[in-house]
Amino acid sequence: MERKWNGIPWDYYFHIMHPSCKVNHQALPKHPPSYMNVTEEYTKEVLRVNFRILGLLSVGLSKCSLCAYW
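Residues numbered from 1 in each chain as written. Predicted model: local features only at pLDDT ≥ 70, side-chain atom pairs only at ≥ 80, totals over all residues. Heavy atoms only, no water.

Trainee: Just checking my understanding: could you explain the overall build of the protein chain for this structure?
Mentor: When helices and strands are tallied, the protein chain shows one helix and two strands. The N-to-C order of helical and strand elements in the protein chain reads β-β-α. Across the 70 residues in the protein chain, those meeting the buried criterion constitute 7%. Working note: accessible area of the protein chain is about 6500 Å², and carbon and sulfur atoms make up 65% of it. (Helix = DSSP H or I, 4+ residues; strand = E, 2+ residues; numbered from the N terminus. Buried < 20%, exposed > 50% of the residue type's maximum accessible area, 1.4 Å probe, protein only. Areas by Shrake-Rupley, 256 points an atom, 1.4 Å probe, with all protein chains shown as cover.)

Trainee: Explain the pattern of salt bridges to me, please; I cannot follow it from the model alone.
Mentor: Within the structure shown, the criterion is met by two salt bridges. The salt bridge partner of Glu41 is Lys44, with a shortest N-O separation of 3.4 Å. Highlighted residues: Glu41 and Lys44, both in helix α1 (residues 35-69), separated by three residues, approximately one helical turn. The exposure class assigned to Glu41 is partly exposed, which follows from its relative accessible area of 46%. Between Arg48 and Glu45 there is a salt bridge, and its shortest N-O distance comes to 3.0 Å. Within this pair, Arg48 and its partner Glu45 are both found in helix α1, separated by three residues, close to a single helical turn. (Salt bridge = Lys/Arg side-chain N within 4 Å of Asp/Glu carboxyl O.)

Trainee: What is the right way to look at the confidence of the model for the protein chain in this model?
Mentor: Detailed reading of the predicted coordinates is not advisable wherever pLDDT is low. Mean pLDDT for the protein chain: 79, with 80% of residues reaching 70 or above. Per-element confidence in the protein chain ranges from a low mean pLDDT of 70 for strand β2 (residues 8-9) to a high of 82 for α1. (pLDDT = per-residue confidence, 0-100.)

Trainee: Just checking my understanding: could you explain the environment of Thr43 for this structure?
Mentor: Looking at the element boundaries, Thr43 is found in helix α1. Among the residues examined, Thr43 registers a relative accessible area of 14% and is labelled buried. The spacing of Thr43 and Pro19 is 24 residues in sequence and 9.9 Å in space, taken between C-alpha atoms. The contacts of Thr43, once residues within four sequence positions are left out, are Met17 and His18. (Contact = heavy atoms within 4.5 Å.)

Trainee: Before we go on, may I ask you to explain a nonpolar patch on the surface in this structure?
Mentor: A contiguous nonpolar surface patch, about 590 Å² in accessible area, is contributed by Val49, Phe51, Ile53, Leu54, Leu57 and Leu61. Tracing the chain through its elements places Leu61 in helix α1. (Patch = residues over 30% accessible without salt bridge, like charges linked within 9 Å, V, L, I, M, F, W, Y side chains within 5 Å.)

Given below as structure tokens:
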């Protein structure tokens, strides 16, 4: 079943870029030609920042939980 919003396919609004096995290359715009490359680089940077933030939160939470035991 294809999901639609206002009669337009859902993929038109949301381009799933991660995980790479879920990328639907047919749903990505053909113009501008650099769209796919730019979007892939943007996805890599978003993931890098995301993992960095989650790592810092993890360290912060582990320190807080250790302090509660002392």
